[in-house]
Amino acid sequence: MELQDTIKERKSIRGFLEKPVPKDVLNQILAISVRAPSTKNAQPWHFYVVTGETLEQLKRANVERFRSSEDPPEEMAHTLIEPEKGTVYRDRQVDIGKRLFKIMDIGREDKAKRIEWIERGFRYFDAPAAIILVGDKSRPIEGAYLDAGLVIQTICLAAVDLGLGTCIQNQGITYADAIRDILQIPDDKRLLVAIALGYPDDDFPANKVISPREDLENVITWCGL
Ligand SMILES: Cc1cc2nc3c(=O)[nH]c(=O)nc-3n(C[C@H](O)[C@H](O)[C@H](O)COP(=O)(O)O)c2cc1C
C-alpha cells in the first residue's frame, strides 16, 4: 500500500474479528517499527506482545479491578489528567466520545451500555493481541513519551499495511500493577501505552467513525513563505 494511503486509512479500531494474529505477522510489524527514530538513537522501548491465555488474564484482571472500583496506582496518575473545560482539547475529546456513543447507540442515561463500553476497553476491545509498550524509568518522562509516540504510530501504520487494525489505549494500562504482575514487568520499567491489535471487524459500528481534524489553516503558521 502507498504510504499516503496507509496514513489515511489508519484509524482507531475498536472491534476485531475472532481471528488470531500469527506470531510472524506481529514480529514483522515490530521488526519494521523499530526503524522509528528516537532521541540520540536511544531506542528506549520494550514491547510485551500479549496473546492467548495471558491476554485473557489481563482482560479479566482489568475488568475485575474496574468492577471493584479500584483506584489506579499513583504511577498512572499522569494518564488520567483530563483536558481543562473550555479548551478545544476538551471539546474534541467530548466530540469523539459523542460520535462513538451515537454510532454504538449508547444513550446519555444508559448506564448499563456505558459500563459495557468501558469494560470493552478494559478487554482491549476484545482484540486477539495487545502490545504493552514500556520504557525505562531512568529516561526523562517527556522524552520517553516523544520517542514512544514515534514507534507507536509506526506500529499502527505497519499494522494497517498488513491488513490489521489498532487502537492505542491509555485505558489498557490503567491498572499497571496488575499488568506488571501478570507480565512480570520489572519495577524499573515505566508502562507507556497499550495497543490493541487484530483484524478489523468492518461491520462493527465504532470502526466506521472517522475522527475529524482541525482545519489546516488553524494549525499552521507559515514563516518565510
Ligand atoms: C496516547 C493515546 C491514548 C489513547 N487512549 C485511548 C483509550 O484509552 N481508549 C480509546 O478508545 N482510544 C484511545 N486513543 C485513541 C484516540 O481516541 C484516537 O486516536 C483519536 O480519537 C483519533 O482517532 P483515530 O485514531 O481514529 O484517528 C488513544 C490515542 C492516543 C494517541
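Residues numbered from 1 in each chain as written. Predicted model: local features only at pLDDT ≥ 70, side-chain atom pairs only at ≥ 80, totals over all residues. Heavy atoms only, no water.

For the chain, the name recorded in an unreviewed UniProt entry is Nitroreductase, with Desulfobacter hydrogenophilus as its organism. Quoted verbatim from the Sequence similarities (unreviewed entry) field of UniProt, the annotation for the chain is "Belongs to the nitroreductase family." (UniProt positions renumbered as here; feature names shortened; annotations may be inferred.)

Q: Explanation requested: the packing of aromatic side chains in the structure shown.
A: Here the distance between the centres and the angle between the planes together describe a pair of aromatic rings. One pass over the structure, following the stated rule, counts three aromatic pairs. Ring geometry for F66 and F122: centres 5.3 Å apart, planes at 40°, overall tilted. Highlighted residues: F66 in helix α3 (residues 52-67) and F122 in helix α5 (residues 111-122), separated in sequence by 56 residues. The exposure class assigned to F66 is partly exposed, which follows from its relative accessible area of 22%. Where F122 meets Y175, the ring centres are 5.3 Å apart and the plane angle is 35°; that geometry is what we call tilted. Placement of the pair is F122 in helix α5 and Y175 in the loop between β3 (165-169) and α7 (176-183), with a sequence separation of 53 residues. Here F122 and Y175 have matching classes, each one buried. (Phe/Tyr/Trp six-rings, centres within 6.5 Å; stacked < 30°, edge-to-face > 60°. Helix = DSSP H or I, 4+ residues; strand = E, 2+ residues; numbered from the N terminus. Buried < 20%, exposed > 50% of the residue type's maximum accessible area, 1.4 Å probe, protein only.)

Q: Sorry if this is basic, but what is going on with the site of the ligand here?
A: Around the ligand, the surrounding shell holds 13 residues, and the nearest of these are R10, S12, R14, Q171 and R213. Contact distances for the ligand include 2.9 Å between an oxygen atom and a side-chain N or O atom of R10. Taking 620 Å² as the accessible area of the ligand by itself, protein coverage stands at 66%. With three residues, the single largest contributor to the shell around the ligand is β3. (Near = heavy atom within 4 Å. Polar contact = N/O pair within 3.5 Å; in protein donor to acceptor, adjacent residues only side chain to side chain. Areas by Shrake-Rupley, 256 points an atom, 1.4 Å probe, with all protein chains shown as cover.)

Q: What am I meant to see in unusual backbone geometry here?
A: Trans peptide bonds make up most of the peptide bonds, and negative phi angles are found at most residues other than glycine. Its identity as a non-glycine residue notwithstanding, K40 has a phi of 50°, on the positive side. Structurally, K40 is set in the loop between α2 (23-33) and β1 (46-51). By relative accessible area, K40 is classed as exposed at 82%. Although it is not a glycine, N41 sits at a positive phi angle of roughly 55°. With respect to the secondary-structure elements, N41 resides in the loop between α2 and β1. Judged by its relative accessible area of 53%, N41 is exposed.

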